[in-house]
Amino acid sequence: MSLKKRLQAAFCAFKHPELLNTQIRLPRTICSPKLNNYDQLLVGKNVLITGAGRNIGRAIAESLAEQGANIYFTDIDANLIAELEQKLRSLGVVAHGWRANINDTNKTDKLCSYLAKNKLSIDILVNNVGRQFDHVGLGEITHAQRVETFTTNVLSPMYLTQKIVAQMIKNRVQGSILFISSIHQDVPFRNPSYSGSKAALGAIIKELAIDLAGYKIRVNGIAPGWIAQDKHGNTLHHSYTALHQSSIKPSYIGRAAVYLTADYFSYYTTGTILKIDAGLSLHNYRLEQHPPLAHPSE
């Protein structure tokens, strides 16, 4: 059965649950999804993404735009902002970027004021910006770096989320909040500050999911594994990743964002952290002692 037919059947079950336990065969026309455009799941939605200039943020911006969403975003690189605006507008959606550091609360206030003044009601917020200092263990990081890690990964996204949620509630928007976390919220990384900040996000996602459920605002997260590709868009070899033994392209995180922000798929999904790591978080010392079967030759 094709994906389209499976989606039609799922929609039929959603709209007509009383028929699940009967033998009645419905005409196919009853099961047709009632969407404005079947191929675009986010038509007319306004999305705000932090740090969308490259990598995961850019992939999410492009994936949501391909589904018809208007994209508003921030980044610290003016050249990347201009490039992404041009790319997104070529997809036929509204796109506008601001040069802003997520840790600058004054810039965040101005951004939210701009949205309110121009009556731009945000339906989807993607907290993507993250900070990681390359160090191992406790002793190599400075206190200032630790503060910056938690400020960027936890405190600043919470500040922006509080602002956007207030507008959602005021405008009666049944919206979606998405945090980009990491598998290292659960898996030791030898980087206590980074892992600790991501673990905090894991708890925040669950807390906000309950806090905002009454307003019908969904809160979810994505926990990526190793996201990387070379300048040609090819993945990189990674022996500790069980599935495919490679890094993951950012586009797969973008597609996951579509799933978690589209009402059609995730209307009943909240407090969920979707792990996309190709099995990297499953690696342990026993797998070193007894590795799985070698991959078949190409």
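Use the structure listed above.
None of the values given here were measured: they were computed from a predicted structure.

Criteria and cut-off values
Residues numbered from 1 in each chain as written. Predicted model: local features only at pLDDT ≥ 70, side-chain atom pairs only at ≥ 80, totals over all residues. Heavy atoms only, no water. Helix = DSSP H or I, 4+ residues; strand = E, 2+ residues; numbered from the N terminus. Contact = heavy atoms within 4.5 Å. Areas by Shrake-Rupley, 256 points an atom, 1.4 Å probe, with all protein chains shown as cover. Phe/Tyr/Trp six-rings, centres within 6.5 Å; stacked < 30°, edge-to-face > 60°. Buried < 20%, exposed > 50% of the residue type's maximum accessible area, 1.4 Å probe, protein only. Lys NZ or Arg CZ within 6 Å of the ring centre and 35° of its normal. Salt bridge = Lys/Arg side-chain N within 4 Å of Asp/Glu carboxyl O.

### A closer look at the overall build of the chain
On a plain count of helices and strands, the chain comes out with nine helices and seven strands. Contacts in the chain between residues far apart in sequence, at least 24 positions, make up 68% of those at least 6 positions apart. For the chain, the accessible surface area stands at approximately 16,900 Å², while carbon and sulfur atoms represent 53% of it.

### Quick look at the packing of aromatic side chains
Overall, the coordinates contain five aromatic pairs when judged by the stated rule. The interplanar angle of 80° and the centroid separation of 5.5 Å between the aromatic rings of Tyr264 and Phe265 together place this pair among those described as edge-to-face. Residue Phe265 is classed as partly exposed on the basis of its relative accessible area of 32%. Judged by centre distance (5.0 Å) and plane angle (85°), the ring pair of Tyr267 and Tyr268 falls under edge-to-face. Among the residues examined, Tyr267 registers a relative accessible area of 42% and is labelled partly exposed. Overall, Tyr268 belongs to the exposed group, its relative accessible area being 68%. The rings of Tyr72, Trp98 and Tyr114 are connected pair by pair, giving a single aromatic cluster. Above the face of the Tyr252 ring, Arg255 is positioned so that its terminal group lies 4.6 Å from the ring centre.

### Points about the pattern of salt bridges
Inspection of the entire model under this criterion finds seven salt bridges. Here Lys45 and Asp263 are joined by a salt bridge, their closest N and O atoms 3.8 Å apart. Remark: Asp263 occurs in helix 8 (residues 263-266) and Lys45 occurs in the loop between helix 1 (3-15) and strand 1 (46-49); sequence separation between them is 218 residues. For the salt bridge of Glu62 with Arg58, the shortest nitrogen-to-oxygen distance reads 2.8 Å. In this pair, Glu62 and Arg58 both sit in helix 2 (residues 55-66), four residues apart, roughly one turn of the helix. Classification of Arg58 by relative accessible area gives buried; the value is 18%. What you see here is one network of salt bridges that share partners, running through Lys45, Arg218 and Asp263.

### Comments concerning the environment of Phe73
Residue position: Phe73 is located in strand 2 (residues 70-75). For Phe73 and Arg58, which are 15 residues apart along the polypeptide, the C-alpha to C-alpha distance reads 9.6 Å. The contact partners of Phe73, leaving out residues within four places of it in the chain, are Leu48, Ile49, Ala52, Ile81, Leu84, Glu85, Leu88, His96, Gly97 and Trp98.

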